[in-house]
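Here is how the chains run, residue by residue.
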Amino acid sequence: MAASSNSSLSGSSVSSDPEDYQPPIWKSYLYQLQQEAPRPKRITCPQEMETRPKYYGREFHGMIPREYADEMLGGAEGAYLIRESQRQPGTHTLALRFGHQTLNYRLFYDGKHFVGEKRFESVHDLVTDGLITLYIETKAAEYIAKMTTNPIYEHLGYTSLLKDKMVHRLSRGRTEPRRVTFQRDDRISSPLGRRSALKDSPEKQCSYEKLHNFKVHTFRGPHWCEYCANFMWGLIAQGVRCSDCGLNVHKQCSKLVPSDCQPDLRRIKKVYSCDLTTLVKAHNTTRPMVVDMCIREIELRGLKSEGLYRVSGFSEHIEDVRLAFDRDGEKADISADAYADINIIAGALKLYLRDLPIPVITFDLYSKCIQAAKISNADSRLEAIHEGLLQLPPAHYETLRYLMAHLKRVTMFEKDNLMNSENLGIVFGPTLMQPPEQNALATLNDMRQQKLVVQLMIEHEDVLF
């Protein structure tokens, strides 16, 4: 079958009305080729081999010449055997007949059999998968190279509909990042003698884009790629699946899928230690529920608490709060009836921020912020920090903006809680900023800059955000 014989199969057109949506036509050419691929034929050794490793069967023939192995395969497509290498005793070679020639592969075993990235429970499965891949890539090389040029992904309907719904919802509650310039104004007698001026220049739009979290996946039964609509061939590890939304695509197609993952709540197993953007997209919120709920509770009954955020709550109770959020989500009870000590709630918030896999101030911006803090000129320093904030992912920016506004309100009760912006900077610096490489010495050296960045964000949150 020629590759062009299936060119008429393509994704169906889809109306913007979800009620008129028609599923795409899955392309069958590669599936048909997999059905045509040669089947494995094990060539067994007529005698018992004392040197045979326990993880091989009768297909092991011991140390035989390559020419003899070729003769034993007999020219039958799919025939295979295992031999011990004469050049490197103790190593093993898989001899496989395909395309009217004998192919030799170095064979490994570490609990599973492999010649490349894929690992198999049995040699028979390895050969089956190899024959499928060889056959398809030989027969349809040109087809495979072009199969991503006419994707059906945009026609799937649910992606664009969910995206439009999300943008509409988030646009009602979020604050757009704004660009600010800082300059001297001698007419103003503020401590830093500066004023902020908003520019009307266009800014990047705040949209909660999220990369798909693709991981290699073995599909049971036939599966088709949801990007190009082609069959995902092979016996195992046929493609990748997004662990957050469940999208199934070829590995090569995953590089072309837009950053529009819409996490499925059924796949999000926890709240703590979950990627920030993943969590807010899964729950259709502008910020993580932990941040909103903890700050709301603290501002309700804790702003005058001495040593707020500095004094630690009981670690066992903080762990209870974490488990409550992981188990109950926004229904978690963190009221005074459940936890009278407000330091437990403050500790739970700090723990959430500290356990993020990507810190609120992301790894990519860590060095930029540290360098900004080292600038001696106050106006230039603020300008550099502001430029860094504008590069944050939208969900991170909104979370940081909301947190800094809260911490600014905490400092307004300094006479009672004894927490000024510098003290809060000491507490939250290492929590919000972590170096890309977990280097204890680097973290220690940067502590002063970490503190200063957070301190300045609190003091100037009205112009930095």
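Residues numbered from 1 in each chain as written. Predicted model: local features only at pLDDT ≥ 70, side-chain atom pairs only at ≥ 80, totals over all residues. Heavy atoms only, no water.

Undergrad: Is there a simple way to explain unusual backbone geometry in this structure?
TA: If a residue is not glycine, its phi is most likely negative; likewise, a peptide bond is most likely trans. A positive phi angle, near 65°, is found at Ser273, a position not held by glycine. With respect to the helices and strands, the residue Ser273 is situated in the loop between α6 (251-254) and α7 (276-283). The backbone of Tyr309 shows a phi angle near 75°, a positive value even though the residue is not glycine. Looking at the secondary structure, you find Tyr309 in the loop between α8 (289-301) and α9 (315-328). (Helix = DSSP H or I, 4+ residues; strand = E, 2+ residues; numbered from the N terminus.)

Undergrad: I would appreciate a short explanation of a nonpolar patch on the surface in the present structure.
TA: Together, Leu441, Leu444 and Met447 line one region of the surface with nonpolar side chains, adding up to about 310 Å² of accessible area. The topology assignment puts Met447 in helix α17 (residues 447-459). (Patch = residues over 30% accessible without salt bridge, like charges linked within 9 Å, V, L, I, M, F, W, Y side chains within 5 Å. Areas by Shrake-Rupley, 256 points an atom, 1.4 Å probe, with all protein chains shown as cover. Salt bridge = Lys/Arg side-chain N within 4 Å of Asp/Glu carboxyl O.)

Undergrad: What's the story with the nonpolar core in this structure? I'm lost.
TA: Proteins that are soluble and globular tend to have nonpolar side chains buried together. In this structure, Tyr309, Phe325 and Met457 are the most contacted members of the largest nonpolar core, which totals 70 residues. At nine residues, the largest contribution of residues to this core is made by helix α10 (residues 342-354). Contacts of Tyr309, omitting those with residues within four sequence positions, involve Ile298, Ala346, Leu349, Lys350, His406, Leu407, Val410, Leu424, Val427 and Phe428. Listed in part, the 43 residues of the second largest apolar core include Leu30, Met147, Cys225 and Cys242. (Core = buried A, V, L, I, M, F, W, Y, C linked by side-chain atoms within 4.5 Å. Buried < 20%, exposed > 50% of the residue type's maximum accessible area, 1.4 Å probe, protein only. Contact = heavy atoms within 4.5 Å.)

Undergrad: Please explain the sheet that holds strand β10 (residues 248-249) as it appears in this structure.
TA: Each strand in a sheet pairs with its neighbour through backbone hydrogen bonds, running either in the same direction (parallel) or in the opposite one (antiparallel). With respect to topology, three strands assemble into an open sheet ordered β8-β9-β10, the strand pairing being antiparallel. Strands at the two margins of the open sheet, each flanked by one partner only, are β8 (214-217) and β10. Note that strand β9 (residues 239-242) and β10 share two bridges and pair antiparallel. Counterpart to Arg241 in the pairing with β10 is Asn248. (Pairing = 2+ DSSP bridges.)

Undergrad: Mind showing me how you'd approach α9 here?
TA: For an α-helix the count is 3.6 residues per turn, leaving residues at separations of three or four pointing the same way. Given a rise of 1.5 Å per residue, 14 residues ought to cover 20 Å, and the 20 Å separating the end C-alpha atoms of α9 matches this to within 8%. Along α9, the residues classified as buried are Ile318, Val321, Arg322, Ala324, Phe325 and Asp326. Next to the buried residues of α9 lie α8 and α10. Gly329 sits one or two residues past α9 and shows a positive phi near 60°. (Expected span 1.5 Å × (residues − 1).)

Undergrad: Can you walk me through the sheet that holds strand β2 (residues 79-84) in this structure?
TA: Taken in spatial order, the five strands of this open sheet run β1-β2-β3-β4-β5, and their pairing is mixed. Each having just a single partner strand, β1 (41-42) and β5 (113-114) make up the two edges of the open sheet. Where strand β4 (residues 101-109) and β5 come together, two bridges link them in antiparallel fashion. Bridged to Phe108 within β5 is Phe114.

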